[in-house]
Amino acid sequence: MENQVIIQLKGVSKGYSNNLILNHFNLSINKGEFLTIIGSSGCGKTTVLKLINGLLTPDSGKVYVNGEDISSVNQIRLRRKIGYVIQGIGLFPHMNIRKNIAYVPNLIKKDDKNKIKSKVEKLIKVVGLGEEMLDRYPSELSGGQRQRVGLARALAASPDILLMDEPFGAVDEITRKLLQEEILRIYKELNVTIVFITHDIKEALKLGTIVLVMDKGRIIQVGPPSEIKENPKTDFVRELIGA
Ligand SMILES: Nc1ncnc2c1ncn2[C@@H]1O[C@H](COP(=O)(O)OP(=O)(O)O)[C@@H](O)[C@H]1O
Ligand SMILES: [Mg+2]
């Protein structure tokens, strides 16, 4: 179905101690969209992401995922539907790559051993790595490879939504380009909704079907990359795109 809202923040306010970060924040994301969020450091991007998967609770307002108010759904079930990929993803150092990727499937014991095994072997290829990686430990991988494994682990739970918080921030330029191609391919292949935070405007414009520009807890502009480029709404956006 087109234009079905999968994530919605409605009048959400959120602060830390006395510091209000989001003030009546509203956002709707359609199913199947690849939304990139860009904005100055500290403007509230990570806060928005953590409100979506319930890692943070709004002070007021509501967050809906698949039409359900997330404050009234089972948090474990919610997180399983939402993959979360962060920079320098915390892989378990004492588990090999196979066990790291299979972590959630092993935990929920819905699939039998053979099914999990073939899932892991499929996923390692989906993220562009070879099966020989599966027996290695995280310390035996490069930063870019670890990032791919983190993505595979998030995908192993077959999420409807993938939240990515500056996932490629810590890798070199060449690896970054490769990972960008990879995430676009996975996006097209798996029909997943992605919310992706970046501080790189080129990355935001390249990956996003919709780009959201934020400043100081507010949405400055949201629209397709072409619109952001051709009709920047404010000086802030103009500066960002270097126009
Ligand atoms: N746990 C916390 N306690 C206090 N302040 C926080 C906490 N988390 C974030 N902040 C502050 O809230 C603001 C928004 O943070 P964040 O959403 O992480 O910004 P961004 O991801 O856009 O850089 C920042 O000023 C940050 O310092
Ligand atoms: Mg952040």
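These numbers were taken from a predicted model, which means no experiment stands behind them.

Some points on the packing of helix 6 (residues 143–155) against helix 7 (residues 173–190)
Any two packed helices are characterised by the angle at which their axes cross and by the distance between the axes. Viewed as axis vectors pointing N to C, helix 6 and helix 7 meet at an angle of 15°, and their least axial separation amounts to 11 Å. By the angle between their axes, helix 6 is roughly parallel relative to helix 7. For the crossing formed where helix 6 meets helix 7, the hand is right-handed. Judged by residue contacts, Gly144, Gln147, Arg148, Leu151 and Leu155 of helix 6 engage Thr175, Leu178, Leu179, Glu182, Ile183, Ile186 and Leu190 from helix 7. Of the residues belonging to the contact of helix 6 with helix 7, the class tally is seven nonpolar, three polar and two charged.

Some thoughts on the sheet that holds strand 4 (residues 60–65)
Spatial ordering of the open sheet is given by 2-1-4-5, a layout of four strands whose pairing is antiparallel. Looking at strand neighbours, the two that pair on one side only are strand 2 (19–30) and strand 5 (68–69), the edges of this open sheet. Where strand 1 (residues 5–16) and strand 2 come together, eight bridges link them in antiparallel fashion. Within the sheet, the bridge partner assigned to isoleucine 7 lies in strand 2 and is isoleucine 29. Against the sheet, helix 1 (residues 45–52) engages strand 1, strand 2 and strand 4, with an angle of about 120° to strand 1.

Quick word on unusual backbone geometry
Positive phi, close to 50°, is recorded for histidine 24, a residue that is not glycine. By secondary structure assignment, the location of histidine 24 is in strand 2. Despite not being glycine, serine 158 shows a phi value in the positive range, around 50°. Here serine 158 shows up in the loop between helix 6 and strand 7 (161–165). Serine 158 gets classed as partly exposed once you look at its relative accessible area, which sits at 47%.

So, the site of ligand 1
Taken together, the neighbourhood of ligand 1 is formed by Tyr16, Ile21, Ser40, Ser41, Gly42, Cys43, Gly44, Lys45, Thr46 and Thr47. In the environment of ligand 1, an oxygen atom lies 3.0 Å from a nitrogen or oxygen atom belonging to the backbone of glycine 44. A distance of 2.8 Å is found between an oxygen atom of ligand 1 and a side-chain nitrogen or oxygen belonging to threonine 46. Contact with the protein chains covers 57% of the free accessible surface of ligand 1, which is 560 Å².

Re the side chain of lysine 45
Along the chain, lysine 45 falls in helix 1. Put simply, lysine 45 is tucked away with no salt bridge, and the nearest opposite charge, on glutamate 166, sits 4.7 Å away. Among residues more than four places away in sequence, those in contact with lysine 45 are Ile37, Ile38, Gly39, Ser40, Glu166, Ile197 and Met214.

Side note on the nonpolar core
By size, the foremost hydrophobic cluster in this structure holds 35 residues, and its most contacted members are Ile101, Leu151, Leu162, Met164, Ile183 and Ile194. Residue assignment for this core shows that the elements contributing at least two residues are helix 3 (97–101), helix 5 (113–126), helix 6, strand 7, helix 7 and strand 8 (193–197). Apart from the residues lying within four places of it in its own chain, the contact partners of leucine 151 are Val85, Val127, Leu162, Met164, Ile183 and Ile186. In terms of nonpolar packing, the next biggest core, distinct from the first, is built from 30 residues, Leu56, Leu163, Leu212 and Met214 among them.

Quick look at the pairing of strand 10 (residues 218–223)
Inspection of the sheet shows strand 9 (residues 210–215) paired to strand 10 by five bridges, in the antiparallel sense. Directly across from aspartate 215, in strand 10, lies its bridge partner arginine 218.

Notes on the sheet that holds strand 3 (residues 34–39)
Hydrogen bonds between backbone groups are what pair the strands of a sheet, and the pairing can be parallel or antiparallel. The strand order 6-7-8-3-9-10 describes an open sheet built from six strands, whose pairing is mixed. Across the chains shown, the open sheet's two edge strands, defined by having one partner strand only, are strand 6 (82–86) and strand 10. Here the strands of the sheet are splayed against their neighbours by 15° on average, with no regard to which way each runs. The strands touched by helix 7 within the sheet are strand 3, strand 7 and strand 8, with strand 3 carrying the most contacts at an inclination of about 145°.

How each quantity is defined
Residues numbered from 1 in each chain as written. Chains lettered and ligands numbered in written order. Predicted model: local features only at pLDDT ≥ 70, side-chain atom pairs only at ≥ 80, totals over all residues. Heavy atoms only, no water. Axes fitted to C-alpha atoms, helices over the stretch in contact; angles between N-to-C directions. Helix = DSSP H or I, 4+ residues; strand = E, 2+ residues; numbered from the N terminus. Parallel < 35°, antiparallel > 145°, perpendicular 65-115°, else oblique. Left-handed = near helix turned anticlockwise from the far one by under 90°. Contact = heavy atoms within 4.5 Å. Nonpolar A, V, L, I, M, F, W, Y, C, P; charged D, E, K, R; others polar. Pairing = 2+ DSSP bridges. Buried < 20%, exposed > 50% of the residue type's maximum accessible area, 1.4 Å probe, protein only. Near = heavy atom within 4 Å. Polar contact = N/O pair within 3.5 Å; in protein donor to acceptor, adjacent residues only side chain to side chain. Areas by Shrake-Rupley, 256 points an atom, 1.4 Å probe, with all protein chains shown as cover. Lys, Arg positive; Asp, Glu negative; His and termini not counted. Salt bridge = Lys/Arg side-chain N within 4 Å of Asp/Glu carboxyl O. Core = buried A, V, L, I, M, F, W, Y, C linked by side-chain atoms within 4.5 Å.

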